[in-house]
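# Results of the structural survey
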Amino acid sequence: MSREAQKLDSAAGDGAVGIGVLSLDLLGQVLDRLREPRDRKACRLVSRAFERAEAAHRRALRVLRREPLPRLLRAFPALERLDVSACASLDDASLAAAVAGAGGGLAGLRSVCLARANGVGWRGLEALVAACPRLEAVDLSHCVSAGDRELAAVAAAAGLRELRLDKCLAVTDMGLAKVAVGCPRLEKLSLKWCREISDIGIDLLAKKCPELRSLNISYLKVGNGSLRSISSLERLEELAMVCCSCIDDEGLELLSKGSDSLQSVDVSRCDHVTSEGLASLIDGRNFVQKLYAADCLHEIGQRFLSKLATLKETLTMLKLDGLEVSDSLLQAIGESCNKLVEIGLSKCSGVTDDGISSLVAQCSDLRTIDLTCCNLITNNALDSIADNCKMLECLRLESCSLINEKGLKRIATCCPNLKEIDLTDCGVDDAALEHLAKCSELRILKLGLCSSISDKGIAFISSNCGKLVELDLYRCNSITDDGLAALVNGCKRIKLLNLCYCNKITDTGLGHLGSLEELTNLELRCLVRITGIGISSVAIGCKSLIELDLKRCYSVDDAGLWALARYALNLRQLTISYCQVTGLGLCHLLSSLRCLQDIKMVHLSWVSIEGFEMALRAACGRLKKLKMLCGLKTVLSPELLQMLQACGCRIRWVNKPLVYKD
């Protein structure tokens, strides 16, 4: 519990009458200042006044299970934002019943997130839209079964301004036409991976939704005709067209004839786009702020550089990943774009110390620098970055093996605002971490494949980096239980932790991790010394756990699964391949975890065919992704497999030999 919550807890305990006489509005403002959900919950538990205030004041709700949804919608009548993406078994009937039970309590609802809610179809969406007259934003991302009929239901929300349809694979031009006609005030639309949409659908969209400001058509099979249509959108500010292989320079030329309102353009992985096309696009557009051209350009021409110079006062982000660069090119970019805040040079060949030095000498406002796999840079480049980029917040140096603790010392000393650094496969040691420990604002630290790091280095980080939320120690195999003890002593806010192949860790180390109350993602692949005892410690202590990877943890058995089934109630993704679990443990696990959506269970040698059958039937309706051996495809009942697929579960069959690793 935070310090603020402890004060309120004390006040409620010592003088509940004093809390009770405050107005609901005032108590609601107090709750708004509590950042942690558990602190809000603590206030509700100690004071009915706070409970009433939150009921009247709460604006956002994220529901983890289907069963309490009706009660929660009745309890919070002032909701504006509702997220049910974690309700694995949500379907039309349960959604319609919950909406009906709320009465008029959803009249103020503006935003609904139904991402991955594959069980919800047009009937549920019709009921939802009818009950929410002020609905402005809907997220149906990764609802792979959502099609034109579902979009017709959404189109009834005439006031809709934002719609996300990423990977709604069944949507066609017909469904998009329904939305375009029914929601003319649409401002943000994402159609990423909706592969059935063509130039015809985009053309109608552009004609019927003139207020569009943000459009994502990434991975669509549309061509230059779509860009001609999009050019008519006078208010368009953001356009993403990643991996649109049918778009080329001619299309960008057509787009350039439209409004000059564009501020952000993403043509990453568009194989037929060249720097000449980009030069045409940005010609005369003095408001472009973000330009993403990762993995598409083979070279940069002089015309593009000259046009880039016209964006000197506005361009803040530039991504050129995968490009072959030179020192002179980086110098030219620095001179042309000295207001850059972010530069992406990941996997760019030809990046040297001199090139980086000339770039950062002109771009002192840089906050994010991505030099992933730029393996020619040394400490000299880091010295230049430290000297010029005092406001640096994110530095990615994966596979830059020529740097060491001397360069990182300069970064840590001169860049006190550093929040993220990626040193994966850089070979750094404890001495480097001693210097990085000076960065008290550090949130993300990636140290994968740095085998020289030991418990001593982790202790350095723990001593001063209390704001750390993500730590990657993949294959740092010198880390032991003592390192984890030091880590949890100082870094209590960690949410994501990767300990894969750190094979000296035992159940004792997992016992230390049990004190990380905010931990959501934990990777423990191939920790051969841990057992169900250690998993129990994690399950009991880490109540926020969402994703857990136990692949090749050969000693984890049913005891670990029983603990997860009882305590890890929020778990959504689980990998237990190669674990020594039985059908009984698996069945109990899958029947108990109501939020579980994704499970990988390859080579569970102790589970019989009947065990798989019972376990999968217990979870049918909730599972969205499943990974199993090909051999099971012919022995599991066809009726079960059909039922899983009918409920929206995608099964990935793999053919892997049984090989044990350590």
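In the nomenclature of an unreviewed UniProt entry, the protein corresponds to F-box/LRR-repeat protein 15-like leucin rich repeat domain-containing protein from the organism Sorghum bicolor.

## Concerning the overall build of the protein
Per the secondary structure count, the protein includes 28 helices and 24 strands. For 662 residues, the compact-globule estimate of 2.2 N^0.38 gives 26 Å, and the C-alpha radius of gyration of the protein, at 27 Å, lies within 12% of that figure. Every one of the 662 residues in the protein was classed for burial, and the buried ones make up 54%. Partitioning the intrachain contacts of the protein with sequence separation of at least 6 by distance along the chain shows that 74% fall at a separation of at least 24. Put simply, the protein shows about 26900 Å² of open surface, and 49% of that area lies on carbon and sulfur atoms. Separation between the mean location of the 83 positive side-chain charges and that of the 81 negative ones in the protein comes to 6 Å.

## Some points on the domain arrangement of the protein
Segmenting the protein into domains produces domain 1 (26-53), domain 2 (58-212), domain 3 (234-309) and domain 4 (316-401 + 413-418). For domain 1 and domain 3, the distance between their C-alpha centroids amounts to 48 Å.

## Things to note about the side chain of Asp598
Mapped onto the elements of the fold, Asp598 is located in strand β22 (residues 598-600). Excluding residues within four positions of it along the chain, Asp598 makes contact with Arg572, Gln573, Leu574, Leu623 and Lys625.

## A look at the side chain of Arg285
Looking at the element boundaries, Arg285 is found in the loop between α14 (275-282) and β10 (290-292). Despite its burial, Arg285 remains without a salt bridge, the nearest opposite charge being carried by Asp260 at 6.7 Å. Separated by 3.3 Å, the side chain of Arg285 and the backbone oxygen of Gly258 make a polar contact. A polar side-chain atom of Arg285 sits 3.2 Å from the main-chain carbonyl oxygen of Leu281. Setting aside anything within four residues of it in sequence, one finds Arg285 in contact with Leu255, Ser256, Lys257, Gly258, Ser259, Asp260, Leu262 and Leu311.

## Re empty space enclosed by the protein
A full pass over the atoms with the stated rule returns one cavity of 30 Å³ or more. Its volume calculated, the largest cavity comes out at about 50 Å³. Lining of the largest cavity is provided by Ile230, Ser231, Leu233, Leu236, Leu255, Gly258, Ser259, Ser261, Leu262 and Arg285. Tallied by class, the residues present in the lining of the largest cavity amount to five nonpolar, four polar and one charged.

## Brief notes about the pattern of salt bridges
Within the structure shown, the criterion is met by 24 salt bridges. Close ionic contact of Arg303 with Glu276 constitutes a salt bridge, the shortest N to O distance being 3.4 Å. With Arg303 in helix α15 (residues 302-308) and Glu276 in helix α14, the pair connects residues that are 27 residues apart, well separated along the chain. For the salt bridge of Asp370 with Arg396, the shortest nitrogen-to-oxygen distance reads 4.0 Å. On the criterion of sequence distance, the pair formed by Asp370 in strand β13 (residues 368-370) and Arg396 in strand β14 (residues 394-396) is long-range, its members being 26 residues apart. For Asp370, a relative accessible area of 8% translates into the label buried. For Arg396, a relative accessible area of 24% translates into the label partly exposed.

## Some remarks on the pairing of strand β23 (residues 625-629)
As paired strands, β22 and β23 are joined by three bridges and run parallel to one another. Directly across from Lys600, in β23, lies its bridge partner Lys627. Here β23 pairs with strand β24 (residues 650-654) via five bridges, running parallel. Paired with Met628 across the two strands is Trp653, which belongs to β24.

## A few points about the packing of helix α27 (residues 609-619) against helix α28 (residues 638-646)
For the pair α27 and α28, interaxial distance at closest approach is 11 Å and the crossing angle is 30 degrees. For the element pair α27 / α28, the angle class is roughly parallel. When the axes of α27 and α28 are compared, the crossing they make is left-handed. Residues Glu613, Leu616 and Arg617 of α27 touch α28, and the partners they reach there are Glu639, Leu640, Met643 and Leu644. By residue class, the composition of the contact of α27 with α28 is four nonpolar, no polar and three charged.

## Points about the nonpolar core
Counting residues in each nonpolar core, the largest one holds 211 residues, and the members touching the most others are Met241, Ile385, Leu397, Leu524 and Ile599. Here the element with the most residues in this core is helix α8 (residues 122-131); it accounts for five residues. Ile599 has contacts with Leu574, Ile576, Leu586, Leu589, Leu590, Leu623, Lys625, Leu626 and Lys627, leaving out every residue within four places of it along the chain. Leu27, Leu31, Cys43 and Phe50 belong to the second-largest nonpolar core, a separate cluster that totals eight residues.

## Looking at the packing of aromatic side chains
Scanning the model with the defined rule gives two aromatic pairs in all. Taken together, a centroid distance of 4.3 Å and an interplanar angle of 10 degrees make the contact between Trp193 and Tyr219 stacked. Within this pair, whereas Trp193 is found in the loop between β6 (188-190) and α11 (199-208), its partner Tyr219 is found in the loop between β7 (214-216) and α12 (224-230), the two being separated by 26 residues in sequence. Judged by relative accessible area, which is 13%, Tyr219 ranks as buried. Positioned over the ring face of Trp122 is Arg149, at 3.9 Å from the centre of the ring.

## Comments concerning the layout of surface pockets
Considering only enclosed or pocket space, the largest pocket measures out at about 1800 Å³ in volume. Around the largest pocket sit 43 residues that line it, and Pro37, Lys41, Arg44, Arg62 and Leu64 are the ones nearest its centre. When residues of the lining of the largest pocket are traced back to their parent elements, those giving at least two are α4 (37-46), α5 (48-57), β1 (60-62), α6 (69-75) and β2 (81-83). It is α4 that provides the largest number of residues to the lining of the largest pocket, a total of six residues. Tallied by class, the residues present in the lining of the largest pocket amount to 17 nonpolar, five polar and 21 charged. Looking at which domains feed residues into the lining of the largest pocket, each of domain 1 (26-53) and domain 2 (58-212) supplies at least three.

Reading the values: the criteria
- Residue indices follow the written sequence of each chain, beginning from 1 at its first position.
- Note on the predicted model: pLDDT of at least 70 is required for a residue's local features to be given, and 80 or more for side-chain atom pairs to be given and counted; whole-chain, interface and lining totals, by contrast, use all residues.
- Only hydrogens and water are removed before side-chain values are computed, so all heavy atoms of the structure are retained for them.
- Runs of E in the DSSP output that reach at least two residues are strands. Runs of H or I that reach at least four are helices, and both are numbered from the N terminus.
- The globule rule used for comparison is 2.2 Å times the number of residues to the exponent 0.38, while the radius of gyration itself is calculated over C-alpha atoms.
- Throughout, exposure labels follow a simple rule: accessible area from a 1.4 Å probe, protein chains only, divided by the maximum for the residue type, with under 20% read as buried, over 50% as exposed, and the rest as partly exposed.
- Any two residues whose heavy atoms approach within 4.5 Å at even a single point are treated as in contact.
- The Shrake-Rupley method, run with a 1.4 Å probe sphere, supplies the accessible areas, and residue values consider only the shown protein chains as cover.
- In this tally Asp and Glu are treated as negative and Lys and Arg as positive; neither His nor the chain ends contributes.
- Working definition for charges: the position is that of NZ of Lys, CZ of Arg, CG of Asp or CD of Glu.
- Domain borders in the structure are assigned automatically or taken from a domain database.
- In what follows, salt bridge is the name for a side-chain nitrogen of Lys or Arg lying within 4 Å of a carboxyl oxygen of Asp or Glu.
- Under the rule applied, a polar contact is a pair of N or O atoms within 3.5 Å (in protein, one hydrogen donor and one hydrogen acceptor; residues adjacent in sequence only if both atoms are side-chain atoms).
- Think of a 1 Å grid over the protein atoms and nothing else: a 1.4 Å probe that fits but is trapped marks a cavity, an open set flanked by protein within 12 Å on at least five of seven lines marks a pocket, and residues with an atom within 4 Å of a point count as lining.
- Grid points are joined across faces, edges and corners, and a volume is the space filled by probe spheres set on the points.
- Residues are grouped as follows: nonpolar covers Ala, Val, Leu, Ile, Met, Phe, Trp, Tyr, Cys and Pro; charged covers Asp, Glu, Lys and Arg; every other residue, Gly included, is treated as polar.
- Two strands are counted as paired when DSSP detects at least two bridges linking them.
- The axes used here are C-alpha line fits, helices contributing only the stretch in contact, and every angle between their N-to-C directions lies in the interval 0 to 180 degrees.
- Between 65 and 115 degrees an angle is taken as roughly perpendicular, under 35 as roughly parallel, over 145 as roughly antiparallel, and anywhere else as oblique.
- It is the rotation of the near helix from the far one that decides the hand of a crossing: anticlockwise by less than a right angle makes it left-handed, clockwise makes it right-handed.
- Here, nonpolar core refers to any group of buried Ala, Val, Leu, Ile, Met, Phe, Trp, Tyr and Cys residues whose side-chain atoms link them within 4.5 Å.
- A pair of Phe, Tyr and Trp rings is counted when the ring centres sit within 6.5 Å of each other, with Trp represented by its six-membered ring. The angle between the planes then sorts it: under 30 degrees is stacked, over 60 is edge-to-face, the rest tilted.
- Criterion for a charge above a ring: Arg CZ or Lys NZ at most 6 Å from the ring centre, at most 35 degrees from the ring normal.

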